[in-house]
Amino acid sequence: MKINSRLKTIASLVPKDSYPLDIGCDHAMLSIYLVKECNFSKVVASDDKEGPLLGAKKNIDFYHVKKNIQLVQADGLEAYQDGVDVITISGMGGILISQIFEKNKDVLEKVNTIILSPNNHTPLVRKELTKCGYRIEDELLVKENKITYPILVFKKGRGKYHSKDYYLGPVLSTKKEEIIYKYYAKELKDQYQILLILPTLAIKRKFIQKRKIRWLKKVLKKFKK
């Protein structure tokens, strides 16, 4: 069974013998892959829209995994089912992901692992999940259709992080891989461009931009050693 590299990487990070809930499942390809290729006995696939769920149902029927996948139409964590201990979300904006975890925080007491791949606002996602009582276990990048996406793995527990950690990624910034170098290099270029167009009186914003640039320059230096 073929799925894109982003979903395949997420699947590889889901702990074996866990009971995952995929929020915003779209056509349920991640859930189907977990059952067909990773031997998961049960998965919950949820979406808040009827259209994607109809597509998901067709795919589930096509792959003959109806007995293994529970489809739920619900908003965010409202899709939680008893026993679920892993949550995955991929392909959503970081603000929406953060809002999902701001609500129904009581559900998170039962969830050990959260695997997220936001389309944007990654620092916000890191900050929000650590506020919810999770530490950042792992971070990696995947390139899909010429776009580089972060994948973040959170585990139940406390971690001590600063603004630089939320921005760069406390785990990602310790790794030396070409894809990570290119990711940070592009980010540096983007931050320079933002700095150039800021108004003269935007003193606070300029300070923030310059601080980001310093952090990026420092982390990029290690790739030359």
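Computed from a predicted model, the values in this text were never measured in an experiment.

Student: Sorry, what's going on with the pairing of strand E3 (residues 69–73) here?
Tutor: Every other side chain in a regular strand lies on the same face of the sheet, so the side chains alternate between the two faces. With five bridges connecting them, strand E2 (residues 43–47) and E3 associate as parallel partners. For Ala45, the partnering residue across the bridge sits in E3 and is Leu71. The parallel pair E2 and E3 is bridged by helix H3 (residues 50–62), and the resulting crossover is right-handed.

Student: Where do I start with the pattern of salt bridges in this structure?
Tutor: Any two side chains of opposite charge can pair if their charged atoms end up close together. Evaluation of the coordinates by the stated rule reveals nine salt bridges. Salt-bridge contacts for Lys182 lead to Glu178; the nearest nitrogen and oxygen are separated by 3.2 Å. Here Lys182 pairs with Glu178, and both are found in helix H7 (residues 178–197), just four residues apart, close to one helical turn.

Student: Sorry, what's going on with the sheet that holds strand E7 (residues 147–156) here?
Tutor: In a beta sheet, neighbouring strands are held together by backbone hydrogen bonds and run either parallel or antiparallel to one another. Read from one edge to the other, the open sheet built from seven strands follows the order E3-E2-E1-E4-E5-E7-E6, with strand pairing classed as mixed. For this open sheet the edge positions go to E3 and strand E6 (134–144), each flanked by a neighbour on one side alone. Going from strand to strand, the sheet's axes swing by 15° on average, the running direction of each strand aside. Bridge count for strand E4 (residues 86–90) against strand E5 (residues 113–117) is five bridges, and the pairing is parallel. Across the sheet, the residue bridging to Ser90 is Ser117, located in E5. Running over the sheet, H3 touches E2 and E3 and is turned about 165° from E3. Strands in contact with helix H4 (residues 94–102) are strand E1 (20–23), E4 and E5; relative to E4, the strand with the most contacts, it is inclined by about 155°.

Student: Looking at this structure, how should I read helix H8 (residues 203–221)?
Tutor: Because each turn of an α-helix spans 3.6 residues, side chains separated by three or four positions end up pointing in the same direction. With 19 residues, H8 extends 27 Å from end C-alpha to end C-alpha; this agrees with the ideal 27 Å at 1.5 Å per step. Looking at the buried positions of H8, the neighbouring elements they touch are helix H6 (163–168) and H7.

Student: Where do I start with the packing of aromatic side chains in this structure?
Tutor: Geometrically, a pair of aromatic rings is defined through the distance of the ring centres and the angle of the planes. Scanning the entire structure with this criterion turns up five aromatic pairs. A centroid spacing of 6.0 Å and a plane angle of 45° characterise the contact between Tyr167 and Trp215, whose relative ring orientation is tilted. Residue Tyr167 is located in helix H6, and its partner Trp215 is located in helix H8; the two are separated by 48 residues in the primary sequence. With relative accessibility at 13%, the residue Tyr167 sits in the buried group. Across from the ring centre of Tyr149, 3.6 Å away, lies the NZ or CZ of Arg6, which sits over that ring. Note that Lys42 overlies the ring of Tyr19, its terminal NZ or CZ placed 4.4 Å from the centroid.

Student: Just checking my understanding: could you explain the nonpolar core for this structure?
Tutor: Side chains of a nonpolar character, in soluble globular proteins, are inclined to be buried together. Membership of the largest hydrophobic core comes to 31 residues, with the highest contact counts inside it found for Ile87, Ile89, Phe101, Ile114 and Leu116. Contributing elements (two or more residues each) for this core: E1, E4, H4, E5, helix H5 (122–131), E6 and E7. Per element, the largest residue contribution to this core is three residues, and it comes from H4. Ignoring sequence-local partners within four residues, the contact set of Ile89 consists of Asp22, Ile23, Ile97, Ile100, Phe101, Ile115, Leu116 and Ser117. Ala11, Ile32, Leu34 and Leu53 belong to the second-largest nonpolar core, a separate cluster that totals 27 residues.

Student: It is not clear to me how unusual backbone geometry should be interpreted in this structure. Could you clarify?
Tutor: Trans is the prevailing form of peptide bonds, just as negative phi is the prevailing case for residues other than glycine. Residue His121 is not a glycine yet carries a positive backbone phi of 50°. Along the chain, the position of His121 falls in the loop between E5 and H5. Since its relative accessible area comes to 44%, His121 is described here as partly exposed. Here Asn145, not a glycine, exhibits a phi torsion of approximately 55°, which is positive. Among the secondary structure elements, Asn145 is positioned in the loop between E6 and E7. When its relative accessible area of 67% is taken as the criterion, Asn145 is described as exposed.

Criteria and cut-off values
Residues numbered from 1 in each chain as written. Predicted model: local features only at pLDDT ≥ 70, side-chain atom pairs only at ≥ 80, totals over all residues. Heavy atoms only, no water. Pairing = 2+ DSSP bridges. Helix = DSSP H or I, 4+ residues; strand = E, 2+ residues; numbered from the N terminus. Right-handed = clockwise from strand over helix to strand, strands pointing away. Salt bridge = Lys/Arg side-chain N within 4 Å of Asp/Glu carboxyl O. Axes fitted to C-alpha atoms, helices over the stretch in contact; angles between N-to-C directions. Contact = heavy atoms within 4.5 Å. Expected span 1.5 Å × (residues − 1). Phe/Tyr/Trp six-rings, centres within 6.5 Å; stacked < 30°, edge-to-face > 60°. Buried < 20%, exposed > 50% of the residue type's maximum accessible area, 1.4 Å probe, protein only. Lys NZ or Arg CZ within 6 Å of the ring centre and 35° of its normal. Core = buried A, V, L, I, M, F, W, Y, C linked by side-chain atoms within 4.5 Å.

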